[in-house]
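If you want the building blocks of each chain, they are given just below.
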Amino acid sequence: QCMNVFHLAYTVTDLDSARSFYGELLGCQEGRSTDTWVDFNFFGNQLSLHVGEVVKRSKTTSKVDDISVPMPHFGCVLDWNTFHNLADKLKSAGIQFIIEPTIRFKGMPGEQATMFFEDYSGNAIEFKTYRNPSEVFSK
């Protein structure tokens, strides 16, 4: 059986804060681990977090719908309700957003809600959702 699961290996400052953020706050199930890395089921994808030097942000002119986005970043496309429930949970937990939950491309193909924030190691994360899920790859 073939599974189409995305794998991302990223660095964090320590595993305790990674477990707190990804496991407790985001609710991701923990998988295998050692004393230097831990895997999480990141909304159906495999996220391997390794202790190391965190990737520094680049200064870019990347704008999406006229809003500067942090680079690099990673994240996940969620369904509409899961996105909004997570946004409410993050707000309640006092997470400071880089970009508050907002709608992009309103009324256009690919209309989406998005939010950016950092994990406890300073990695930029984006979650988004599409008003019409069939438009994820629309032009």
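Scroll up to find the structure.
All of these numbers come straight from a predicted model, not from anything done at the bench. (Residues numbered from 1 in each chain as written. Predicted model: local features only at pLDDT ≥ 70, side-chain atom pairs only at ≥ 80, totals over all residues. Heavy atoms only, no water.)

**Let's talk about the sheet that holds strand 3 (residues 37-42)**
Here is step 1: Across the sheet, which stays open at both edges, the 4 strands sit in the order 1-4-3-2 with mixed pairing between neighbours. Among the strands making up the open sheet, the edge pair consists of strand 1 (7-12) and strand 2 (29-33). Along the sheet, successive strands turn relative to each other by an average axial angle of 30°, direction set aside.
Here is step 2: Docked against the sheet, helix 1 (residues 15-25) engages strand 1, strand 2, strand 3 and strand 4 (45-51), running at close to 5° with respect to strand 3. (Pairing = 2+ DSSP bridges. Helix = DSSP H or I, 4+ residues; strand = E, 2+ residues; numbered from the N terminus. Axes fitted to C-alpha atoms, helices over the stretch in contact; angles between N-to-C directions. Contact = heavy atoms within 4.5 Å.)

**Overview of helix 1**
Here is step 1: Those residues of helix 1 lying buried are Leu 15, Ser 17, Ala 18, Phe 21, Tyr 22 and Leu 25.
Here is step 2: Its side-chain oxygen placed 3.2 Å from the backbone nitrogen of Asp 16, Asp 14 serves as the N-cap of helix 1.
Here is step 3: After helix 1 finishes, the residue Gly 27 shows a positive phi value of roughly 80°. (Buried < 20%, exposed > 50% of the residue type's maximum accessible area, 1.4 Å probe, protein only. Polar contact = N/O pair within 3.5 Å; in protein donor to acceptor, adjacent residues only side chain to side chain.)

**Side note on the nonpolar core**
Here is step 1: Counting residues in hydrophobic clusters, the biggest one holds 28 residues, and the most contacted among them are Tyr 22 and Phe 127.
Here is step 2: For this core, the secondary-structure elements that each account for two or more residues are strand 1, helix 1, strand 3, strand 4, strand 7 (74-77), helix 2 (80-92), strand 9 (112-118) and strand 10 (124-130).
Here is step 3: In terms of residues, this core owes the most to one element, helix 1, which gives 5 residues.
Here is step 4: If sequence neighbours within four positions are ignored, Phe 127 has contacts with Leu 26, Phe 42, Phe 43, Cys 76, Leu 78, Phe 83, Leu 86, Ala 113, Thr 114, Met 115 and Phe 117. (Core = buried A, V, L, I, M, F, W, Y, C linked by side-chain atoms within 4.5 Å.)

**Observations regarding the side chain of Asp 119**
Here is step 1: Residue placement: Asp 119 occurs in the loop between strand 9 and strand 10.
Here is step 2: No salt bridge is formed by the buried Asp 119; its nearest oppositely charged neighbour, Arg 57, is found at 7.8 Å.
Here is step 3: A distance of 2.5 Å separates a polar atom in the side chain of Asp 119 from a polar atom in the side chain of Tyr 22.
Here is step 4: Excluding its chain neighbours within four sequence positions, the residues that come into contact with Asp 119 are Val 12, Phe 21, Tyr 22 and Ile 125. (Lys, Arg positive; Asp, Glu negative; His and termini not counted. Salt bridge = Lys/Arg side-chain N within 4 Å of Asp/Glu carboxyl O.)

**Points about the environment of Gly 44**
Here is step 1: Relative to the assigned elements, Gly 44 resides in the loop between strand 3 and strand 4.
Here is step 2: On the basis of relative accessible area, Gly 44 is assigned to the partly exposed category, the value being 43%.

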